[in-house]
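A closer look at the structure
The lines below spell out each chain.
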Amino acid sequence: MHAYASNVYSSVVEQLSRVKSRKFIAVEQEFFRLWWGNVATDWHKKQVRQLLHEGRLEFIIGGQVMHDEAVTDVDDAILQLTEGHGFLYETFGVRPRFAWHVDPFGASATTPILFALAGFDAHLISRIDYDLKDDMQKKKNLQFVWRGSPSLKEKQEIFTHTMDQFSYCTPSYLPFSNRSGFYWNGVALFPNPPKDGIYPNMSLPVTKETVALYAQTMVDNIRMRAQWFRTSHVLWPWGCDKQFYNASVQFTNMDVLMNYINEHSDKYGVAVQYATLKDYFQTVHQTNLSWDVRENQDFLPYSTEPFQAWTGFYGSRNILKGVARRASALLYAAESLFTRYRIRYPEGPVQREWALDKLKALRWAVSEVQHHDGITGTESPKVADMYMEHLMQGMMGAEELLAAIFLLPQTIKLPNDIHHPPQTRPTTEKTDSENVLEQHIIVYNPLAWNISTYINISVPYAMAVVLDDYGKAAPAQIQPSMKSSTDYDLFFVVELGGLQYRKYIVRFPQSHCDAGSACGATHVARVVKFKKKNVSQWKKTGRKLLPVLNECYKLMFDQETNLLHSITDRCKKMRVRVQQDFWEYEANGDIHSGPISDNYIFTANGSAVPAYKSVAMEIVPGKIVSEIRQYFYREEEDKNHTYSVVTRVPVGFQGRLACFRLEQSYKVGPLEVNRETVFRTRTSLQNNRTLFTDNNGYQMMKRTFKSFVNNTVSRNYYPMVRAAYIEDDSSRLVFLSERAHGVASLSQGQLEVMLHRRLWNNQEWNLGYNLTLNDSSVVRPVLWMMLGSPAAISSIYQQEALELQHRPVVMPIDQPQKPLNPRERCSGPSVQPVVLPQNLHMQTLSIPGWNYSPDHTQHLHNLSAGGERKIDFDRILLRITHLYEVGEDPVLSQPITINLKEVMRGIGEVTDVQERSLTGTWDISDLQRWSWKTNERVRKDEETDFFSGVSQDFSVTIQPKEIRTFFIHFK
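Residue indices begin from 1 for each chain and proceed along its sequence in written order. Thresholds applied to this predicted model are a pLDDT of at least 70 for local features of residues and 80 or more for the giving and counting of side-chain atom pairs; totals over whole chains, interfaces and linings are not thresholded and use all residues. Excluded from the side-chain calculations are hydrogens and water; all other atoms, namely the structure's heavy atoms, are used.

Some details on the state of the cysteines
Pairs of cysteine sulfur atoms within 2.5 Å are what we label disulfides. With the rule as written, the count across this model stands at 2 disulfides. For Cys-169, the disulfide goes to Cys-240, at an S-S distance of 2.0 Å. Here Cys-169 and Cys-240 share a disulfide; its torsion about the S-S bond, 60°, makes the bridge right-handed. One end of the pair, Cys-169, is in the loop between strand E5 (158-162) and helix H7 (211-226); the other, Cys-240, is in the loop between H7 and helix H8 (247-263), with 71 residues separating them in the sequence. By definition, any uninterrupted DSSP run of H or I lasting at least four residues is a helix, any uninterrupted run of E lasting at least two residues is a strand, and each is numbered from the N terminus.

Given below as structure tokens:
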């Protein structure tokens, strides 16, 4: 920011103001907002407004960052885009129409859908497989109309331009000089500029002596690129990473060179002009050509050379990936809770500006980490630490907000208070209250569905009773903790309505507690230990099998190996052989002896090898959850294990979602250097090495195994953000995740997930930027596993994935202490549920805190009038998404009509609904996107324009895979 970005904005604004023909495009809002808020002078600000008005400065994408496309979740991509767009529209009244996704490592098919929904007219990408790009160049196929969703089809298609082999920079090679190509400002110095203004590697200035040489080099390059495109207009990007920080040197040389070419355009057959992306796409659009259609294939994974598969970053910095998603989930919960609170207590004691500041800090942190060198794990440790610090601070702020929302109203007597009239507590407990400690816990369900699940808290006592807000004893289970010898794990069942919170009291009897009392509702579970088994001594496997059951599954564990042996789907009476264990790839760290792995790249140096020599096992049979703990030892004689997996089998949830999931949590590390660890599941499924993985949690992509001359393992790795599965005709095995990983199916019936990487190499560039990924951390990711018939699983896995991402928020309000007097009243939950049908998900419910008028003309008028505009705390942003593809499920894939007034009744009375574009800046009825001619005729029966707005009574029909965005107001 200090050495580079702020100088770009200051010097570019000054240089554009000097010469009327100059233009510039700016992308990421994070740097711009920091400059605007902390560096820009009043003169700079006035000039920016003028340049935007003239169309000579153009914001493209307009998100907070240029987000990664492989490991980001769709909700977070939308958040960061909304963050940037809200700022731009509020501050300048501008709405970006074009994308510039030149640097993410591969392109997802979800991104073009989001950009179409945000109102964009064209999209631009660059990093795709080198051999595919080569082929597209030869066939002049670098430009196409992309239909990213098989359900939304042409409704959300977008024209897409792929950069050619030179990517987004000007060529750096000059035949007449060994300096840095067309960059006269050289290389930025950190942290401070040189005193004499001479930067390293500044290119030869354009003078009488050099101008013809520069012109010929530039023209040759333009003509070369022109052969790869269908129109006579060539987009020639001038700039690159860390350029234009000294814009006067840059523009001065560019002006002379361009003028020279234009003066000799007859000779060169080329004319050049400064342009924005809008200028270029408008020109291409006006050619009125017909374009090929690309269906919903993505461009993942991405390779730059035969031994450079950029599939390592799917698993780099696992902790950062986990914290980023956890922060996103906490933000999601805090947003909806604050929205509920504001509507219920408009004048409530939680100060609204303070609350919004807490939310804004977390929005900023979650947005910025979506950067393509953020959540990817491809930054230096110093920058990773900054992301972590912002996320942790933001999360602490959100937790303060939750605590204030739950605690403050109790001290102020409000009409219709959270507490209803006093009622005496039912006398179900017969414990001697003198001898009891108690702790109060609030549990919030952030999803707009009713859920039935269990939660787990760590407690310091061997016995506990849990009472719900009716005073009834909740089913509970207590057992010795795996993590600490002095603590216990307490599990208890919670039943929560959509967006509902409930209060639970955990009581710790300090003396004996008989089973006839409330203590009878708590099951005391015992740990059964099994002998550690050395791999070298495995004999007859598959003979001594031990069952662990719930209502949906029977898991068999082999006592000879201490490994899982099989899983039976009890509903379909189908048994699948399943074995799970840890394997490692050994990476090469010496560039002189072969290809390496690093933050970005995964190069499998041979096949993976088993990462353990012995396995120990413990089983805790339970009444709420049965737990299988497996410990993997690197060497037979090791005292401490390197890996562990804990499988929790929910018990007693027949007919409910919790029954269908097997919850696995892993502990991996610290690894040895140059090891990449995978958790491998081998099954009897006949999947032919075909894998299904999600694109950003929005849609599933089929991944068929491909063989390559080199690097076959790495090039068959794909990102998994929320889900991955393998299947055959009778069974589907799904894994759901709460953070991104790399996944592959490298042999029949097998699925492996890369959980952790620790690497070091001696490549100069990596050492210079400290990008060797020497990550010595211990990581603890969670995966949920499901098994069943493809039809049964496809009807529930989306909902399960969201239940994993948005588990109930558990807020202990106090430490265990003597009971409070007077006794609390028990009258059940204090808030009404908000429940959507199971194929719809409430993606966003928040108070954005924007100050712009939803009427565009009025907003522009307000901007030109100047003056302070007040934050609108009454505008609620609501997004609802349909989770299913057309044809995925006979019932759930149907369009569905809901009445927003009815649905939101649990929060308050809806008085107004306005449908908006994805990021909220367009009234949907004003949004007219460019249409592009395609070579594909739409069949008449497909031409149904299924868009329907909001009816007078606030009913709305949502089609498969739609994401619909609304501003709503409550009474």
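What about H8?
In this model, H8 (17 residues) spans 24 Å end to end at C-alpha, consistent with the 24 Å of a helix rising 1.5 Å per residue. For each residue, the accessible area found with a 1.4 Å probe, counting protein chains only, is set against the maximum for its type, and the residue is called buried under 20%, exposed over 50%, and partly exposed in between. Turning to H8, its buried residues number three or more, namely Ala-247, Gln-250, Phe-251, Asn-253, Met-254, Asp-255, Leu-257, Met-258, Tyr-260 and Ile-261. Every helix has an expected span of 1.5 Å times one less than the residues it contains.

Overview of the pattern of salt bridges
When a carboxyl oxygen of Asp or Glu lies within 4 Å of a side-chain nitrogen of Lys or Arg, that pair is called a salt bridge. Applying the stated rule across the entire model yields 50 salt bridges. A salt bridge links Arg-363 to Glu-335; the nearest nitrogen and oxygen atoms lie 2.7 Å apart. Linking Arg-363 in helix H12 (residues 352-368) with Glu-335 in helix H11 (residues 318-344), this pair joins segments that are 28 residues apart in sequence. Taken individually, Arg-363 and Glu-335 each receive the classification buried, so the pair is uniform in this respect. Taken together, the shared-partner salt bridges connect Lys-529, Glu-618, Glu-627, Arg-629 and Arg-648 into one network.

Details of the packing of aromatic side chains
Planes of paired rings set the category: under 30 degrees apart is stacked, over 60 is edge-to-face and the rest tilted, where pairs are Phe, Tyr or Trp rings (Trp by its six-membered ring) whose centres lie within 6.5 Å. Across all of its chains, the model carries 63 aromatic pairs by this definition. On the numbers, 6.3 Å between centres and 90° between planes, the contact of Phe-182 with Trp-184 is edge-to-face. Across this residue pair, the class does not change: Phe-182 and Trp-184 are buried. The ring of Tyr-633 carries the charged tip of Lys-532 above its face, separated from the ring centre by 3.8 Å. Working rule: Lys NZ or Arg CZ, within 6 Å of ring centre, within 35 degrees of ring normal, means a charge sits over the ring. The ring of Tyr-698 has Lys-961 lying over it, and the distance from NZ or CZ to the ring centre is 4.5 Å.

Observations concerning the side chain of Thr-677
Here Thr-677 lies in strand E26 (residues 675-683). One polar contact links Thr-677 to Tyr-643, side chain to side chain, over a distance of 3.1 Å. Two residues qualify as a contact provided that any one of their heavy atoms is within 4.5 Å of a heavy atom in the partner residue. Excluding anything up to four places from it in sequence, Thr-677 contacts Phe-582, Trp-583, Glu-584, Tyr-643, Val-668, Leu-671, Val-753, Met-754, Leu-755 and His-756. For the purposes of these results, a polar contact is taken to be a pair of N or O atoms within 3.5 Å, where, inside protein, one atom must be able to donate a hydrogen and its partner to accept one; residues adjacent in sequence count only when each atom of the pair is a side-chain atom.

Describing the sheet that holds strand E25 (residues 662-668)
Hydrogen bonding along the main chain pairs the strands of a sheet, whether they run parallel or antiparallel. Pairing between two strands requires that DSSP report at least two bridges joining them. The strand order across the open sheet built from 10 strands is E16-E22-E23-E24-E25-E34-E31-E30-E27-E28, with neighbouring strands paired in antiparallel fashion. A strand with exactly one partner marks an edge of an open sheet, and here the two such strands are strand E16 (528-534) and strand E28 (699-703). Between one strand axis and the next, the sheet turns through 20° on average, direction left out of account. All axes are obtained by fitting lines to C-alpha atoms, using only the stretch in contact for helices, and the reported angles, taken between N-to-C directions, cover 0 to 180 degrees. Lying on the sheet, helix H17 (residues 797-805) is in contact with E28, strand E30 (723-727), strand E31 (732-737) and strand E34 (782-788); it crosses E31 at an angle near 25°.

What about the pairing of E34?
Within E34, 7 of the 7 residues are buried, which leaves the element mostly enclosed by the surrounding structure. Burial along E34 is two-sided: Val-782, Trp-784, Met-786 and Gly-788 facing one way and Leu-783, Met-785 and Leu-787 facing the other are all buried. Bridge count for E31 against E34 is 6 bridges, and the pairing is antiparallel. Bridge assignment links Val-734 to a residue of E34, and that residue is Met-786.

Let's talk about the packing of helix H4 (residues 74-92) against H12
Where H4 meets H12, the axes come as close as 9 Å, and the angle between the chain directions of the two elements is 115°. Once H4 is placed against H12, the crossing between them reads as left-handed. Residues Asp-76, Leu-79, Gln-80 and Glu-83 of H4 lie in contact with H12, whose contacting residues are Arg-363, Trp-364, Val-366 and Ser-367. Amino acids outside the nonpolar list (Ala, Val, Leu, Ile, Met, Phe, Trp, Tyr, Cys, Pro) and the charged list (Asp, Glu, Lys, Arg) are all regarded as polar, and Gly is one of them. Classifying every residue of the contact of H4 with H12 by side-chain character gives 3 nonpolar, 2 polar and 3 charged. The hand of a helix crossing depends on one turn: near helix anticlockwise from the far one by less than a right angle means left-handed, and clockwise means right-handed.

Comments concerning the side chain of Ser-328
Here Ser-328 lies in helix H11. Judged by relative accessible area, which is 9%, Ser-328 ranks as buried. Filtering out sequence-adjacent residues up to four positions away, Ser-328 remains in contact with Asp-76, Val-366 and Gln-805.

Remarks on the sheet that holds strand E41 (residues 963-970)
Pairing in this open sheet of 4 strands is antiparallel, and the strands run E36-E37-E41-E39 from one edge to the other. Two strands lie at the open edges of the sheet, namely strand E36 (840-846) and strand E39 (910-916), each paired on one side alone. Looking at each pair of strands side by side, their axes are set apart by 25° on average, direction ignored. Here 6 bridges tie strand E37 (residues 876-882) to E41, and the two strands are oriented antiparallel to one another. Paired with Thr-881 across the strands is Ile-963, a residue of E41. Contacts from H11 reach E36, E37 and E41, with the element oriented near 65° to E36.

Some points on unusual backbone geometry
With an omega of -5°, the peptide bond running from Phe-190 to Pro-191 counts as cis. Here Leu-300 and Pro-301 are connected by a cis peptide whose omega angle stands at -5°. With respect to the secondary-structure elements, Pro-301 resides in the loop between strand E6 (293-294) and strand E7 (303-305). With a phi angle near 65°, Asn-201 is a residue other than glycine that sits in the positive phi range. Note on placement: Asn-201 falls in the loop between E5 and H7. Asn-201 gets classed as partly exposed once you look at its relative accessible area, which sits at 39%.

Overview of the pairing of strand E18 (residues 553-558)
Within E18, 5 of the 6 residues are buried, which leaves it mostly tucked inside the rest of the structure. Bridging between strand E17 (residues 545-549) and E18 involves 5 bridges; their strand directions are antiparallel. In the sheet register, Leu-545 faces E18, and the bridge partner there is Asp-558. Connecting E17 to the next strand, E18, in antiparallel fashion are 3 residues. Alignment of E18 against strand E19 (residues 563-569), held across 6 bridges, turns out to be antiparallel. Bridged to Asp-558 within E19 is Leu-563. In sequence, E18 turns back onto E19 through a hairpin of 4 residues, with Asn-562 there showing a positive phi of about 65°.

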